[in-house]
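Examination of the molecular architecture
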Amino acid sequence: MPISMPSPERCPFCDYLAGLRPYTILEQGDQVAILVTREQRGLGHVLVIPVAHRPTILDVAPEEERHLMNAVRRAARAITAAHDPEGIAVWQNNGVPAHQTVPHVHFHVAGTLPDGGTRWGEVPRLDLDETDGIAKRLSPHV
Ligand SMILES: [Zn+2]
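Since the structure is predicted, the reported quantities are computational estimates derived from the model, not experimental observations. (Residues numbered from 1 in each chain as written. Predicted model: local features only at pLDDT ≥ 70, side-chain atom pairs only at ≥ 80, totals over all residues.)

Attention shifts here to the UniProt feature "active site" (unreviewed entry) in the protein. Using the residue numbers shown here, the UniProt feature "active site" (unreviewed entry) corresponds to H106. Within the fold, H106 resides in the loop between β4 (88–91) and β5 (107–111). The contact partners of H106, leaving out residues within four places of it in the chain, are F13, L47, V48 and I49. (UniProt positions renumbered as here; feature names shortened; annotations may be inferred. Helix = DSSP H or I, 4+ residues; strand = E, 2+ residues; numbered from the N terminus. Contact = placed C-beta atoms within 7 Å.)

Below, the discussion takes up the pairing of strand β2 (residues 32–36). In terms of residue burial, β2 counts as a mostly covered element, since five of its five residues are buried. Of the two faces of β2, the one carrying V32, I34 and V36 and the one carrying A33 and L35 are both buried. (Buried ≥ 20, exposed ≤ 12 C-beta atoms within 10 Å, placed from the backbone.)

Turning next to helix α3 (residues 128–138). When α3 is considered as a whole, its buried residues turn out to be T131, I134, A135 and L138. Burial along α3 is one-sided: seen end-on, the buried residues are contained in an arc of 100°. Lining the buried residues of α3 we find β1 (25–28), β2, β3 (43–50) and α2 (62–83). (Arc of directions from axis to C-beta.)

For an α-helix, 3.6 residues make a turn, and residues three or four places apart therefore share a direction. If you check α2, its first and last C-alpha atoms are 32 Å apart, about what 22 residues at 1.5 Å a residue would give, namely 32 Å. The inward-facing, buried residues of α2 contact β2, β3, β4, β5 and α3. (Expected span 1.5 Å × (residues − 1).)

This brings us to the nonpolar core. In terms of nonpolar packing, the biggest core is built from 29 residues, with L35, V46, V48, A75, I79 and V109 touching the most fellow members. Contributing elements (two or more residues each) for this core: α1 (12–17), β2, β3, α2, β5 and α3. Per-element accounting of this core gives the leading share, seven residues, to α2. The contacts of V48, once residues within four sequence positions are left out, are V32, I34, L68, A71, V72, A75, H106, F107 and V109. (Core = buried A, V, L, I, M, F, W, Y, C linked by C-beta atoms within 7 Å.)

A word on the pairing of β5. The element β5 is extensively covered by neighbouring structure, given that five of its five residues are classed as buried. Residues F107, V109 and G111 line one face of β5 and the alternating positions H108 and A110 line the opposite face, and both faces are buried. Pairing between β3 and β5: four bridges, direction antiparallel. Bridged to V46 within β5 is V109. (Pairing = 2+ DSSP bridges.)

Structure follows, in structure tokens:
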């Protein structure tokens, strides 16, 4: 059975990387990029993505694997340096049944909240000034 994918008209992540829509990009390299999500579910919550459009983890190219994992680790270290959380959460969802909402593979990396865990359900949507502020705090450590 194929993975059931969300189907927005356009991929927002590809639009962000192409500069077609404004978004806070912490880092953009040849292979991977790190975005600061507007839906912060933990401290310094970022999304690590391949630059090439890959719908799920199953579609990641072999040459992208080490770049993705390296960026996940660097993001975790930057969050630790900037926020000193008691824990770091890394999660990744594939397909609608797994709650994937953007059809471009992404790894969530976030520091745990002061009261533990990460935030689920509805969260306030931050504006770009707020996510730029988060990027500013993380960028010296990436
Ligand atoms: Zn995409």
